[in-house]
Structures are given as C-alpha cells and as structure tokens.
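Chains, contacts and geometry: an overview
Listed below, chain by chain, are the residues.
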Amino acid sequence: MSAIIIEGRTAAAQIKADVANKAQEYTAKWNRPLGLDVILIGDNPASQVYIRTKQQACMLVGIRSNVHFLPSSTSQAEVLTLIHQLNVSPDVQGILLQLPLPLGFDAQPLINAIDPLKDVDGLHPSNLGLLLAGQPNFIPCTPQGCLKLIQLCADKIEGKNAVVIGRSLLVGKSIAALLTNASATVTLAHSKTKNLKELCQNADILVCAIGHPGLITGEFIKPGAIVIDVGISRVIDDQNNSILKGDVEFESAREIAGYLTPVPGGVGPLTVAYLLANTLLAGHLQQQQS
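Not measured: the values here are computed from a predicted model.

This next bit is on the packing of aromatic side chains. For the structure shown, the criterion picks out zero aromatic pairs. Cation over ring: lysine 197 sits above phenylalanine 220, and NZ or CZ is 5.6 Å from the ring centre.

The next subject is the nonpolar core. Judged by nonpolar contacts, the single largest core of 55 residues is most densely connected at Leu179, Val207 and Ile228. The leading source of residues in this core is helix α10 (residues 268-289), at nine residues. The contacts of valine 207, once residues within four sequence positions are left out, are Cys146, Ile150, Val163, Val164, Ile165, Ile175, Ile228 and Val230. With 18 residues, the next largest nonpolar core counts Cys200, Cys208, Val248 and Leu260 among its residues.

Turning to the side chain of serine 47, a few remarks are in order. Mapping serine 47 onto the fold places it in helix α2 (residues 45-61). Other than its neighbours up to four places away in sequence, serine 47 contacts Leu40, Gln98, Leu99 and Pro100.

With that settled, consider the layout of surface pockets. In this structure, the largest pocket occupies an estimated 1,400 Å³ of space. Tyr50, Thr142, Val230, Ile232 and Thr271 are, among the 46 residues lining the largest pocket, the residues nearest its centre. Elements with a minimum of two residues in the lining of the largest pocket: α2, β4 (94-97), α4 (107-113), α6 (141-153), β9 (233-236) and α10. Among the elements that line the lining of the largest pocket, the one with the most residues is α2, at seven residues. Grouping the amino acids of the lining of the largest pocket by side-chain chemistry returns 27 nonpolar, 14 polar and five charged. Here the second largest pocket is characterised by a volume of approximately 190 Å³. What lines the second largest pocket is Asp229, Ile243, Leu244, Lys245, Gly246, Val248, Glu249, Phe250, Glu251 and Val263. Listing elements by their share of the lining of the second largest pocket, those giving two or more residues are β10 (242-245) and α9 (250-254). Of the residues assigned to the lining of the second largest pocket, the class counts are five nonpolar, one polar and four charged.

Interhelical geometry of helix α1 (residues 9-30) versus α10 gives an angle of 25 degrees and a closest axis separation of 9 Å. One element, α1, and the other, α10, form an angle in the roughly parallel class. The handedness of the crossing between α1 and α10 comes out as left-handed. Across the interface between the two elements, Arg9, Ala11, Ala12, Ile15, Lys16, Val19, Lys22, Ala23, Tyr26 and Trp30 of α1 pack against Pro269, Leu270, Ala273, Tyr274, Leu276, Ala277, Leu280, Gly283, His284 and Gln287 of α10.

Attention now goes to the sheet that holds strand β6 (residues 185-189). In spatial order, the strands read β1-β11-β8-β7-β5-β6; together these six strands make up an open sheet with parallel pairing. Edge positions in the open sheet fall to β1 (4-5) and β6, since each of these has one partner strand only. Taken together, the two bridges between β1 and strand β11 (residues 259-260) define a ladder with parallel strand orientation. Within β11, the position partnered with isoleucine 5 by the bridge is leucine 260. Running at roughly 155 degrees to strand β8 (residues 226-229), α6 makes contact with β7 (205-208), β8 and β11 of the sheet. In this fold helix α7 (residues 172-181) packs onto β5 (161-165), β6 and β7, with an angle of close to 170 degrees to the strand it touches most, β6.

Conventions we followed
Residues numbered from 1 in each chain as written. Predicted model: local features only at pLDDT ≥ 70, side-chain atom pairs only at ≥ 80, totals over all residues. Heavy atoms only, no water. Phe/Tyr/Trp six-rings, centres within 6.5 Å; stacked < 30°, edge-to-face > 60°. Lys NZ or Arg CZ within 6 Å of the ring centre and 35° of its normal. Core = buried A, V, L, I, M, F, W, Y, C linked by side-chain atoms within 4.5 Å. Buried < 20%, exposed > 50% of the residue type's maximum accessible area, 1.4 Å probe, protein only. Helix = DSSP H or I, 4+ residues; strand = E, 2+ residues; numbered from the N terminus. Contact = heavy atoms within 4.5 Å. 1 Å grid on protein atoms, 1.4 Å probe; cavity = no way out; pocket = protein on both sides within 12 Å on 5 of 7 lines; lining within 4 Å. Points joined across faces, edges and corners; volume = space filled by probe spheres on them. Nonpolar A, V, L, I, M, F, W, Y, C, P; charged D, E, K, R; others polar. Axes fitted to C-alpha atoms, helices over the stretch in contact; angles between N-to-C directions. Parallel < 35°, antiparallel > 145°, perpendicular 65-115°, else oblique. Left-handed = near helix turned anticlockwise from the far one by under 90°. Pairing = 2+ DSSP bridges.

This is the structure we're talking about:
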C-alpha cells in the first residue's frame, strides 16, 4: 500500500481564479481595488519569503498589496499606532500581522487592536469566538487549507476520529474547531500529551502542526488514514544540504497512510489562496457595514 499524495496547488489555483474574477467585480463596483496591508517586524528570513509569496499572489489576482517593513527596534506603541491608522483607512480591506514577532513584542495586544472586519488572519478574539460558535466570518487560512484537503479525501468527516497535534491558535485549535463543527470526534494533542502514538493510531484523520520535524513516523499512523502535515522546518540533511521538512516522516508514512500531504506543496499553497479569499470577504463585509 502506498498513500495517495495530495498536493494543494490545484485547489489553490481554483480559489485564486475565483478571487481574481470577484476582485475585478469589486474594483469595478467600488472604484478602487481591494487592499491588503502586511506588517513585518524584523528580518526573519522565513517571514520575508512568505511575504514575497503573498505579494506575488496578490498581484496575480488584482489585490493591492503593501508591506510595512519595520525594524525590530520599533516599539510596541509604534506598531499599535500603525494598526490604528490602517483600521481607519478606506484603502485597506485586510490587515495581516506577520508572525512570529521578534523577541520583546507581545503579539496578542497587537492582534486585538486589528479591526475584526479587517482581520484576514482570523486571529482576533471576536473572529475566533465566531469560529468556535460555528458562525465564522474569517477562518485562519492554514486551517481552511487543511479542511479543504481533508474534504477532497474523505467522503464525509462526520463521525470520524480526528487527532490534531499542536494547540496554537493559528493552526491547531482552529482546525480542531473546524473538524468539531463538521461533526468529527476530535482529540487535540500537544507536547504534554501522554500515549501520543496510541492516540494517533486510532485517528482516521491526523493533522500534524507541532513544528517538530519527522516526529510522526509510519508506526504512529492508522492504515488508510488521511494525514495532513502542516509542520515545516528547515533542517540539514545527510549531504549537508538545507532542506524543508514536515512533522511527518514522509517515506515511512506513505507506506501506511491512505492520503498524505507533501512538504512543501501540500497545505502551503492553500494558505496563500485563502488569505486572498479572506481579503475579498473583508472588502464585502466592510461595504455591508458602511
């Protein structure tokens, strides 16, 4: 048995095409393009790569993208001032605070300061509360991508056992809420969980988002399970090359799983696509409120 490899590129391309058409309609109707403003603090190389990818995607679908590059010496108060300026700007439909932040910054007050109707990352407490209630406005982008890939593999999610490894708001807790809303039976595991292997072995759906490269090997996986690997870490291989690696040990997992996402190329393309879709949604929600 060898797993079916499920890449996100095809589904992401479909979402982007739909956003491009609707963004054009938005621009024509309101006489201005959708605008996504990104706040990047410091010089984290991975964050810079992500930002370039997001900028390119915005350009391709007709969304104006503006990145505010702030040095790590910027104060928390200065970032709050910028967020307030973006909140009131009619040219800004989406605000994204690129995470993680450099040491010395407290992310949550900054996220809380973003207008919930411009919170395209879906991390404001108001948006997380709506998600938990099953009435979401903005769903965090990576969990949306995970759910899309699961839906492409499963005839139904209802009643399936799902294990999510990792409890971050950005991924773990949000995908757990999405799967719960879809009537799966969900276990949220993390670094302190006991008997992790046994839990995973009973999972019809396994989502790995803990940031520990190669943690999950084939012996953790139920035969035929859907395995979604969200983790992405840069490691040095046996040939001293720098490579990207997921939380799942790919070669052993593919011999057991029914479906398996690669790293990179699995969830990542959908994360970017849903950021664009959330920006479009933000524009429409704001027009309804005006």
